[in-house]
Amino acid sequence: MVLTGSALQLSDELRGLLEQLAGIETRERTVLAEVIHDEPIQLIVAALLRIDLLHARSAGDEAEQLDGIAVLLESSVHRLRRLIVALSPPDLTDGLGSALRVLAEGIFVDAATQFRITGPMRVRLPATAEETAFRIFREAMVNARKHSSASNVTLQLDAQDAAVVVTLTDDGVGSNGLDADLGHLGTATMLARAKA
């Protein structure tokens, strides 16, 4: 395929817009993660401390109820911390596979879905391509969690000659590919990022 000058210019413009979008997305996710850490988690921890004080003065059924409330609150803190990890910018130092595994642990926490990852945790990609792949598969995993009703989700990384192939499959319901859901912003963004 031969690209004309105007097609190359459009491709460069699209790549630039996607890089801007990635920067905005990273800033927004970082702010959201900080807000979750500084507000709801701190309030829940304060509530747990008050429950501990009440528990010391309680007995019997009241003490059991306070224990139950404390367990729920501790579980909420744990879930919020996993959400913070999922929202934070990717740490790709241990490879794309490792970053996606950590992300999946946050996305599929407390889900009936079993997630597994296969293949090498490190694949050779330029840094921008690795970040783009991370963003694409973050959206794909969120979609699988929200829409597929899958029992099993598998992410496979494979290095083939000069190419890297990353595949996300599930046994749930849904579309047969990105083209099937072009009306959805997340799908359109994934497709645009992949093309760029």
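Quick notes on helix α4 (residues 96-107)
Here is step 1 of the chain: A rise of 1.5 Å per residue sets the reference length of α4, with its 12 residues, at 16 Å; its end C-alpha atoms lie 16 Å apart and thus fit the reference within 8%.
Here is step 2 of the chain: Burial of α4 is extensive: 9 of the 12 residues sit out of reach of the surface.

Looking at the side chain of S98
Here is step 1 of the chain: Looking at the element boundaries, S98 is found in helix α4.
Here is step 2 of the chain: Engagement of the side chain of S98 in a polar contact is seen with the backbone oxygen of D94, the distance being 3.2 Å.

Re the sheet that holds strand β3 (residues 163-170)
Here is step 1 of the chain: Read from one edge to the other, the open sheet built from 3 strands follows the order β1-β2-β3, with strand pairing classed as mixed. Looking along the sheet, the strands with just one partner apiece sit at the ends: β1 (114-118) and β3. Within this sheet the neighbouring strands show an average axis-to-axis angle of 10°, counted without direction.
Here is step 2 of the chain: Direction of pairing for strand β2 (residues 152-160) relative to β3: antiparallel, over a ladder of 8 bridges. For D158, the partnering residue across the bridge sits in β3 and is V165.

Describing the pattern of salt bridges
Side chains that carry opposite charge are capable of pairing whenever their charged atoms lie near each other.
Here is step 1 of the chain: A complete count under the given rule lists 2 salt bridges for this structure.
Here is step 2 of the chain: For D94, the salt bridge identified is with R122, shortest N-O distance 3.9 Å. Here D94, found in the loop between α3 (60-87) and α4, pairs with R122, found in the loop between β1 and α5 (127-147); they are 28 residues apart in sequence, far enough to count as distant.
Here is step 3 of the chain: R101 serves as the salt-bridge partner of E105, at 3.6 Å between the closest nitrogen and oxygen. Highlighted residues: E105 and R101, both in helix α4, separated by 4 residues, approximately one helical turn.
Here is step 4 of the chain: Residue E105 is classed as partly exposed on the basis of its relative accessible area of 36%.

A word on the environment of V166
Here is step 1 of the chain: On the secondary structure map, V166 appears in strand β3.
Here is step 2 of the chain: Given a relative accessible area of 17%, V166 falls into the buried group.
Here is step 3 of the chain: Taking the C-alpha atoms as reference, V166 lies 10.0 Å from L96; in sequence the two are 70 residues apart.
Here is step 4 of the chain: Dropping the residues within four chain positions of it, V166 is found in contact with L96, F137, L155, Q156 and L157.

Quick notes on the pairing of β1
Here is step 1 of the chain: Relative to β2, β1 runs parallel, the two sharing 5 bridges. Following the sheet pairing, I117 is matched in β2 by L155.
Here is step 2 of the chain: Taken together, β1, α5 and β2 form a β-α-β motif whose crossover is left-handed.

As for a negative patch on the surface
Here is step 1 of the chain: Taken together, the side chains of D61, E62, E64 and D67 define an acidic patch exposed on the protein surface.
Here is step 2 of the chain: Position of E62 among the secondary structure elements: in helix α3.
Here is step 3 of the chain: A relative accessible area of 53% places E62 in the exposed class.

Each value, and the rule that gives it
Residues numbered from 1 in each chain as written. Predicted model: local features only at pLDDT ≥ 70, side-chain atom pairs only at ≥ 80, totals over all residues. Heavy atoms only, no water. Helix = DSSP H or I, 4+ residues; strand = E, 2+ residues; numbered from the N terminus. Expected span 1.5 Å × (residues − 1). Buried < 20%, exposed > 50% of the residue type's maximum accessible area, 1.4 Å probe, protein only. Polar contact = N/O pair within 3.5 Å; in protein donor to acceptor, adjacent residues only side chain to side chain. Pairing = 2+ DSSP bridges. Axes fitted to C-alpha atoms, helices over the stretch in contact; angles between N-to-C directions. Salt bridge = Lys/Arg side-chain N within 4 Å of Asp/Glu carboxyl O. Contact = heavy atoms within 4.5 Å. Right-handed = clockwise from strand over helix to strand, strands pointing away. Patch = residues over 30% accessible without salt bridge, like charges linked within 9 Å, V, L, I, M, F, W, Y side chains within 5 Å. Areas by Shrake-Rupley, 256 points an atom, 1.4 Å probe, with all protein chains shown as cover. Lys, Arg positive; Asp, Glu negative; His and termini not counted. Charge placed at Lys NZ, Arg CZ, Asp CG, Glu CD.

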